[in-house]
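Residue-level structure breakdown
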Amino acid sequence: MTGTPRREPTPRRYLMCEPTYFTVEYSINPWMNPDEPVSAELAVKQWTELADTYRRFGHRVDTIRPVPGLPDMVFAANSGTVVDGRVLGARFRNPQRTAEADHYRRWFLDHGYRDVVMPTAVNEAEGDFAWTGRLLLAGSGFRTDPGAHAEAQEVLGVPVVSLQLVDPRFYHLDTALFVLSDDHIAYYPEAFSPGSQRVLARLFPDAIIANAADAECLGLNGVSDGRNVVLPMEATHLAERLVHAGYEPTFVDISELRKSGGGPKCCTMELRD
Ligand code: ARG
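Remember, it's a predicted structure, so these values are computed and weren't measured experimentally. (Residues numbered from 1 in each chain as written. Predicted model: local features only at pLDDT ≥ 70, side-chain atom pairs only at ≥ 80, totals over all residues.)

**Points about the site of the ligand**
The immediate surroundings of the ligand are formed by 16 residues, with F75, G127, H172, G262 and C266 found nearest. Looking at the shell around the ligand residue by residue, the classes come out as five nonpolar, eight polar and three charged. (Near = placed C-beta within 6 Å. Nonpolar A, V, L, I, M, F, W, Y, C, P; charged D, E, K, R; others polar.)

**Focus on the sheet that holds strand 3 (residues 81-83)**
Taken together, the three strands give an open sheet; going across it, the order is 3-4-5, and neighbouring strands pair in mixed fashion. Every interior strand has two partners, whereas the edge strands, strand 3 and strand 5 (116-117), have only one. Where strand 4 (residues 86-88) lies against strand 5, two bridges are found, and the strand directions are parallel. When the sheet's bridge partners are listed, V87 is paired in strand 5 with V116. Helix 3 (residues 146-156) rests against strand 3, strand 4 and strand 5 of the sheet, and its axis sits at about 160 degrees to strand 4. (Pairing = 2+ DSSP bridges. Helix = DSSP H or I, 4+ residues; strand = E, 2+ residues; numbered from the N terminus. Contact = placed C-beta atoms within 7 Å. Axes fitted to C-alpha atoms, helices over the stretch in contact; angles between N-to-C directions.)

**Some details on helix 2 (residues 100-110)**
Three or four residues apart is the spacing at which side chains of an α-helix point the same way, because the helix has 3.6 residues per turn. Looking only at helix 2, the buried set comprises E100, A101, Y104, W107 and F108. Relative to the axis of helix 2, the buried residues are bounded by an arc of 120 degrees and lie together on one face. Among the exposed residues of helix 2, those oriented more than 90 degrees off its buried face are R106, L109 and D110. On the buried face of helix 2, the contacting elements are strand 4 and strand 5. G112 occupies a position one or two residues after helix 2 and carries a positive phi of about 90 degrees. (Buried ≥ 20, exposed ≤ 12 C-beta atoms within 10 Å, placed from the backbone. Arc of directions from axis to C-beta.)

**Considering unusual backbone geometry**
Its identity is not glycine, yet A125 carries a phi of approximately 50 degrees, on the positive side. As for its placement among the helices and strands, A125 is situated in the loop between strand 5 and strand 6 (129-131). According to the C-beta neighbour criterion, A125 is buried, with 30 such atoms within 10 Å. Non-glycine residue D183 carries a positive phi angle of around 65 degrees. In this structure, D183 sits in the loop between strand 9 (177-181) and strand 10 (184-187). Overall, D183 belongs to the partly exposed group, with 14 C-beta atoms counted inside 10 Å.

Printed below as a string of structure tokens:
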């Protein structure tokens, strides 16, 4: 018996955007129902608790100012992929979100990033890209164009593994898979095509496998610092699996943000400087 590995957290830096102007007034994924009421006030409260959770773990949280009329700007993960201080920005699939990309581009330039490239292909950034420390896992099927995968490899200089998403509820890679620690991931196999499932099983034989209940509360939209794993509070099965593997889950309430199809990870861009 080898026992449970000891999991060490590493300090992180995150970029977040307060959901001051949060609404659901258009529908670009199956979670969004413009007829269901949403409260920006409650969204701000949940978002603030998420940011405070990161700070409690000793992580640095930077913020970008929200812009009226861009209700999805809270989902910071969609606006940039940063690896080793290099930034690949975003190009959104849906016109309702197009303008977000430039606000983030300017944030990067104003905060000392010199190497900022804007993509030519549709690219929803960390919504569809997950850095494992060795590989950049890249999703497509609903938002990010497969051509953006090759572009990411070229711009960021990291090996990219393309994965095919097949369930519209899990329209971004980060709704179906997340990185726990170097080269260790959790994912929901059914969100991927058969070939992509085989690729994941081959690359990550010791991955944590989530079930349908985990996926349906956006439990795969977690954020890990290598030990502490921030999860939607409904993801109890996944949390149990994580404890077995030596991680420490922390629950947050994201009920309001989920009405837009987002969870903790969507609200969190990692700045890997
Ligand atoms: N309403 C947003 C959209 O559909 C939610 C984005 C969630 N972000 C994420 N990283 N999955 O674009």
